[in-house]
Amino acid sequence: MNLARHLFQSARRLPGQPAVIERDRAEYSYDVLARRVLALAGAMHDRFAVAPGHRVGLLMRNSAAYVELLYACWAAGTAAIPINIKLHPKEIAFILDDARAQLCFVTDDVDGRSVDAARSGGATTFIDVDSREYRDLLHAPPAAVAEVASDDVAWLFYTSGTTGKPKGVMLTHRNLLAMTLNYLADVDAAAPGEHLLHAAPMSHGSGIYILPNVAAAATQLVPASRGFDVAEIDQILALVPKVKLFAAPTMVMRLVDGMKGEPKGLKSIIYGGGAMYLADCLRALDRLGPRLTQIYGQGESPMTITVLPAAEHLDDDDGRRMQRLASVGRAQTGVELVVLGADDRPLADGEIGEVAVRGETVMRGYLNHAGATATTLAGGWLHTGDLGQ
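About the thresholds
Residues numbered from 1 in each chain as written. Predicted model: local features only at pLDDT ≥ 70, side-chain atom pairs only at ≥ 80, totals over all residues. Heavy atoms only, no water. Pairing = 2+ DSSP bridges. Helix = DSSP H or I, 4+ residues; strand = E, 2+ residues; numbered from the N terminus. Axes fitted to C-alpha atoms, helices over the stretch in contact; angles between N-to-C directions. Expected span 1.5 Å × (residues − 1). Buried < 20%, exposed > 50% of the residue type's maximum accessible area, 1.4 Å probe, protein only. Salt bridge = Lys/Arg side-chain N within 4 Å of Asp/Glu carboxyl O. Contact = heavy atoms within 4.5 Å. Polar contact = N/O pair within 3.5 Å; in protein donor to acceptor, adjacent residues only side chain to side chain. Core = buried A, V, L, I, M, F, W, Y, C linked by side-chain atoms within 4.5 Å. Parallel < 35°, antiparallel > 145°, perpendicular 65-115°, else oblique. Left-handed = near helix turned anticlockwise from the far one by under 90°. Disulfide = S-S within 2.5 Å. Phe/Tyr/Trp six-rings, centres within 6.5 Å; stacked < 30°, edge-to-face > 60°.

Our focus in this paragraph is the sheet that holds strand β16 (residues 336-340). Strand order across the open sheet formed by three strands is β16-β17-β19, with antiparallel pairing between neighbours. Where the open sheet ends on each side, the last strands, each with one partner, are β16 and β19 (382-388). Sheet twist, expressed as the average angle between the axes of neighbouring strands with direction ignored, equals 30 degrees.

Below, the structure written as structure tokens:
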């Protein structure tokens, strides 16, 4: 199933429901968002010859345009390449070359000329989403939603490259559908009237969580700062009901220390991407109440390895609450999890080894890296490189 169809299902079911709000800039209903997506998909095809199997870069700060472009890519049958705007131009150039992206959308704070100057591959057309050129694309004849295979790439996520050049993680429509179902089953029962606040980058975890919330017809809420600002979030929580957000542990603690009011509009904070110290977790629970859900994942199995739901942050019926809070929780639904020794055999409980994962959430592989794919997915398991017990 093409992931874009989740949007059109929500638009048919609740056409007037707010789909995207970018404070001080834009607000679209699901019906309007669906029409914008089909026009953008049509423009990609007719004006830039983007076709199924191609790849489109998204080098953008958080914005309403990010949401519509993700779904426009999928409606056109192409893979989206969300790129961290904080990368060096040479790193961005490498990603565009490696992915052979012929089209890249940017926000006005991105210097496309510096990126282009660092490139060695084919030409890429850069379009500023705050420009008249972009607005003109929205008048293109609407496209028909492309047919895709479940193993076609939907999201091409580039690793940080800390041990060499970044590698493109190929996440398919199947992978992201599984992630969507895991989120709704284990992390957050999303619903219309709720607001997913994008204070963390849409190029990473916050953007991944667009999918289940669109499928549930919830609202994407982009702050005016287009990022993380404690005072702004404090104001939003005083005015907007049923707000949830993804945050790194450091962001959670900045909220705990910096918020002035009571978080009356806060439904939940889903935290991950790094360790949360037990003392910090207890302090956050004391300040925010029973609103914390922890996840553990990585780009190769996005946001989908383990979960510690909000209720399990508080439950101490078995006397093991502190042990749970110091862990990363339990395997998410449909995800198999083992700890492997040096011989790639499962270890007994309590022994330290490498965390390995398998299931529908695990990537198809690395783009242009057959050897690294074979090593990382050896034996049918995703070898995470993380230690666990």
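Next comes the rest of the description.
With 15 residues, helix α7 (residues 173-187) extends 20 Å from end C-alpha to end C-alpha; this agrees with the ideal 21 Å at 1.5 Å per step. Taken as a whole, α7 has its buried residues at His173, Asn175, Leu176, Ala178, Met179, Thr180, Asn182, Tyr183, Asp186 and Val187.

Okay, the pattern of salt bridges next. In this structure the tally under the stated criterion is 20 salt bridges. Asp188 is the partner of Lys244 in a salt bridge, and the nearest nitrogen-oxygen pair spans 2.4 Å. Separated by 56 residues along the polypeptide, Lys244 in strand β11 (residues 243-247) and Asp188 in the loop between α7 and β9 (195-197) bring together distant segments of the chain. An identical accessibility class is assigned to Lys244 and Asp188; each is buried. For Arg324, the salt bridge goes to Asp318, with nearest N and O atoms at 3.0 Å. With a relative accessible area of 17%, Arg324 lands in the buried category. You can call Asp318 partly exposed: its relative accessible area is 43%. The network of salt bridges with shared partners includes Glu22, Arg25, Asp130 and Arg226.

Tracing the backbone through its elements, the reader meets Leu171 in strand β8 (residues 168-172). For the pair formed by Leu171 and Ala154, sequence separation is 17 residues and the distance between their alpha carbons is 6.0 Å. Beyond its immediate chain neighbours, meaning those up to four positions away, Leu171 contacts Asp152, Val153, Ala154, Trp155, Leu176, Gly299, Glu300, Pro302 and Met363.

Further remarks concern the pairing of strand β2 (residues 26-29). Taken together, the four bridges between strand β1 (residues 18-22) and β2 define a ladder with antiparallel strand orientation. Bridge pairing in β2 links Val20 to Tyr28.

In this section: helix α2 (residues 30-48). End to end, α2 covers 26 Å across 19 residues, agreeing with the expected 27 Å (1.5 Å per residue, within 8%). Among the residues of α2, those classed as buried are Tyr30, Leu33, Ala34, Arg36, Val37, Leu38, Ala39, Leu40, Ala41, Gly42, Ala43 and Met44. At the exit of α2 stands Ala49, carrying a positive phi of roughly 55 degrees.

A word on the environment of Asp318. With respect to the helices and strands, the residue Asp318 is situated in the loop between α13 (310-314) and α14 (321-325). Within the local environment of Asp318, its side chain forms a polar contact with the backbone nitrogen of Arg320, the two atoms lying 3.0 Å apart. Here the side chain of Asp318 touches Arg324 through a polar contact of 3.0 Å, side chain to side chain.

To continue, consider the nonpolar core. If you look at the biggest cluster of nonpolar residues, it comprises 109 residues, and the most contacted ones within it are Tyr71, Trp74, Phe105, Tyr209 and Val252. With 11 residues, the single largest contributor to this core is helix α3 (residues 64-75). When near neighbours in sequence (up to four residues on either side) are disregarded, Trp74 contacts Asn2, Leu3, Ala4, Ala80, Ala154, Trp155, His173, Leu176 and Leu211. In this structure, Ile81, Ile95, Val115 and Leu367 belong to the second largest nonpolar core, which totals 19 residues.

It is worth spelling out the packing of α2 against α3 at this point. Two elements in contact, α2 and α3, have axes separated by 8 Å at closest approach and are oriented at 55 degrees. The orientation of α2 relative to α3 falls into the category oblique. α3 is crossed by α2, and the crossing has right-handed handedness. Taking contact as the criterion, the partners of Leu33, Arg36, Val37, Leu40, Ala41 and Met44 in α2 are, on α3, Val67, Glu68, Leu69, Tyr71, Ala72, Cys73 and Ala75.

Across the sheet, which stays open at both edges, the nine strands sit in the order β2-β1-β10-β9-β11-β12-β13-β14-β15 with mixed pairing between neighbours. Each edge of the sheet is formed by a strand with only one pairing partner; in this case those strands are β2 and β15 (330-331). As defined by bridge partners, β1 adjoins strand β10 (residues 219-222) across three bridges and the pair is classed as parallel. If you follow Glu22 over to β10, its bridge partner there is Val222. In the packing of helix α12 (residues 278-288) onto the sheet, the strands contacted are β12 (266-271) and β13 (292-298), and the crossing angle to β13 comes to about 135 degrees.

Time to look at the state of the cysteines. Structurally, a disulfide amounts to a covalent bond that connects the sulfur atoms of two cysteines. In this structure the tally under the stated criterion is zero disulfides. Cysteine Cys104 shares no disulfide, and the gap to the nearest cysteine sulfur, in Cys73, comes to 10 Å.

Next up on the list: the packing of aromatic side chains. Under the definition given, this model contains four aromatic pairs. Where Tyr71 meets Trp74, the ring centres are 5.1 Å apart and the plane angle is 80 degrees; that geometry is what we call edge-to-face. Taken as a pair, Tyr71 and Trp74 lie in helix α3 at a separation of three residues, close to a single helical turn. Neither Tyr71 nor Trp74 differs from the other in exposure class; each is buried. Taking the centre distance of 6.1 Å and the plane angle of 90 degrees together, the rings of Tyr209 and Phe246 count as edge-to-face. Highlighted residues: Tyr209 in the loop between α8 (205-208) and α9 (210-215) and Phe246 in strand β11, separated in sequence by 37 residues. When its relative accessible area of 1% is taken as the criterion, Tyr209 is described as buried.

The values are spatial; any link to function lies outside them.
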